[in-house]
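Read off the chains here:
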Amino acid sequence: MKKQPKTARNLDTLFIKTYGCQMNEYDSSRMADMMKEAYGLRLVGQPADADVILMNTCSVREKAEEKVYSELGRYKKLKDKRPDMIIGVGGCVGQQEGERIQKRAPYVDIVFGPQTYHRLPEMVKKIRRERVKVTEIDMPEIEKFDHLPKAESHGIADCVTIMEGCDKFCTFCVVPYTRGPELSRPVTDILDECRQLLAGATLEISLLGQNVNGYRGMGPDGEEWDFTMLLYAVAELEGLKRLRFSTSHPMEMTAELCVAFGEIPQLMPYLHLPIQSGADALLKAMHRGHDREHYLQLIDALRQHCPDLALSSDFIVGYPGETDADFEQTLDLVRRVVYDSAYCFKYSPRPGTPAGKAEDDVPLAVKDARLQQLLSLMREQTRQAMQRQLGKTLQVLVEKDSREAGDMQGRTADFKIVHFKGNPRQVGQIMPVRITEAYGQSLRGELILAGD
Ligand code: SAH
Ligand code: SF4
Ligand code: F3S
């Protein structure tokens, strides 16, 4: 055993490594806010410069745990040199693995989950005072949000988590176990947090949750509000230019929500609506709660209200029992819907899930081949979506300098990245850009200045 220093020195710096979804990104930024308030910790870009290292992990797909341990191995080397460094593992792997993490990596001081990170300052205090290891992965009833400091604007586009957890229990997915049950924040809290961000530099807000359209929160009138009601209320906030949300579930896309895409000017024409598979047999086996026809009808309704809507989705190939014919149904659905982009994954069995107990019977080579086929179809659809923008003048919200000197970067209403020659003074403005070049993942254009 190495000898511990007698007195803990001051903590100054914090490094956070974030994996996973946007909700984890949000949580990491809240952890940073909290550690700044509690200990004056300043974020640094390198683990070697940090007094406290936090990993915010994701366990949704394969090898998640292994990735965490190999990253931890790097941090151990740093801690060997500086034993008073504090290492914490949070997020969904923290929740699932709990004390197993400290058994395998004894230099980890703190293990916590997505619903306990508001206690981080207390945990750090305990470690420094008592020199113990801490694991806190219970799912508290109380709202973690009540314990977080006021959110700070981090830039032009910011996120606000409106609900936690998931009650859908798709057979392949760990989220209901790692993030717990669906829990919606009260409307007033959400509006206050949005106002707080809008008082800073924020102009665009994305409302986050694993299934935002499952939102059922207490309204200021004492009644339960659904997601569409919340959307209309957020859209009216002073200073909000653009509104987005992620992720939504096809089962809870109401007619009112489809209408909102045509009615709310601030709601941008981009929707991520995962389906996972185009085959009814698979949708049923996955416990998704709807069939292919329901999804196609939704897409029709959405496009009727918002003809320019850009769509994206998630797909899983090689779920247990998936036949060639099932996979053909997925390709056929993609051809029918025509997406702007999609995330495609090979199925990987996850511990603790119902599908994880079934035989993972689609051979790896078949999964690989299907993934490649789906990816090439998607790449072609993305390419065409980008090509369709050529010659158009699009309204671009300028977000930041681009890596190339003299270049600025922003996003179109339908979430495409655009680069153009511009000026840092344009950050925060919505500017007309004529698109001149289309690449795989981004566009390039020329700013149209008054008088052009
Ligand atoms: N709440 C969102 C998705 C959350 S997880 C929704 O319901 O759509 C993000 C994506 O990861 C899923 O949409 C799915 O495509 C993929 N995914 C989840 N579990 C997986 C697994 N075991 N194997 C492969 N992909 C998985
Ligand atoms: Fe996972 Fe399904 Fe919940 Fe999405 S809806 S988080 S895929 S269980
Ligand atoms: Fe991953 Fe947890 Fe998000 S498993 S996708 S970080 S909810």
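Residues numbered from 1 in each chain as written. Chains lettered and ligands numbered in written order. Predicted model: local features only at pLDDT ≥ 70, side-chain atom pairs only at ≥ 80, totals over all residues. Heavy atoms only, no water.

Caption draft 1: Quick peek at the site of ligand 2. Surrounding ligand 2, one finds Cys166, Lys168, Phe169, Cys170, Phe172, Cys173, Val175, Pro176, Gln210, Asn211, His249 and Arg288. Of the residues that constitute the shell around ligand 2, the class distribution is seven nonpolar, three polar and two charged. (Near = heavy atom within 4 Å. Nonpolar A, V, L, I, M, F, W, Y, C, P; charged D, E, K, R; others polar.)

Caption draft 2: Quick peek at the packing of aromatic side chains. Under the criterion given, the structure shown has seven aromatic pairs. Judged by centre distance (4.9 Å) and plane angle (40°), the rings of tyrosine 270 and phenylalanine 415 are tilted. Taken together, the positions of tyrosine 270 in strand β14 (residues 270–272) and phenylalanine 415 in the loop between β18 (407–411) and β19 (417–421) put the pair 145 residues apart, joining distant regions of the chain. Judged by its relative accessible area of 28%, phenylalanine 415 falls in the partly exposed class. A centroid spacing of 5.8 Å and a plane angle of 85° characterise the contact between phenylalanine 315 and tyrosine 339, whose relative ring orientation is edge-to-face. Of this pair, phenylalanine 315 sits in strand β15 (residues 310–317) while tyrosine 339 sits in the loop between α12 (324–337) and β16 (341–346), and the two are 24 residues apart along the sequence. On the accessibility criterion, phenylalanine 315 (0% relative accessible area) is buried. (Phe/Tyr/Trp six-rings, centres within 6.5 Å; stacked < 30°, edge-to-face > 60°. Helix = DSSP H or I, 4+ residues; strand = E, 2+ residues; numbered from the N terminus. Buried < 20%, exposed > 50% of the residue type's maximum accessible area, 1.4 Å probe, protein only.)

Caption draft 3: Fine view of unusual backbone geometry. Cis geometry marks the peptide bond from serine 246 to threonine 247; its omega dihedral reads -5°. Inspection of the secondary structure assignment puts threonine 247 in the loop between β13 (242–246) and α9 (255–263). Positive phi outside glycine occurs at lysine 63, with the angle close to 60°. Positive phi outside glycine occurs at phenylalanine 169, with the angle close to 50°. With respect to the helices and strands, the residue phenylalanine 169 is situated in the loop between β8 (163–164) and α6 (175–178).

Caption draft 4: Molecular detail of the nonpolar core. One finds Ile162, Leu207, Phe227, Phe245 and Tyr339 to be the most contacted residues of the largest nonpolar core, which totals 58 residues. When sequence neighbours within four positions are dropped, the list of residues in contact with leucine 207 reads Val160, Ile162, Cys194, Val212, Phe227, Leu230, Leu231, Val234, Leu243, Arg244, Phe245 and Ser246. Counting 24 residues, the second largest nonpolar core, distinct from the first, contains Met34, Met35, Leu41 and Ile127. (Core = buried A, V, L, I, M, F, W, Y, C linked by side-chain atoms within 4.5 Å. Contact = heavy atoms within 4.5 Å.)

Caption draft 5: Region of the structure containing the sheet that holds strand β5 (residues 110–112). Here we have six strands laid out as an open sheet, ordered β2-β1-β3-β4-β5-β6, and parallel in their pairing. Of all strands in the sheet, those with a lone pairing partner are β2 (42–43) and β6 (134–136), marking the two edges. The pairing of strand β1 (residues 13–18) with β2 spans two bridges and is classified as parallel. In the strand pairing of β2, threonine 13 is matched with arginine 42. Where helix α2 (residues 64–81) meets the sheet, its contacts fall on β1, β3 (52–57) and β4 (86–90), and the angle it forms with β3 comes to roughly 180°. (Pairing = 2+ DSSP bridges. Axes fitted to C-alpha atoms, helices over the stretch in contact; angles between N-to-C directions.)

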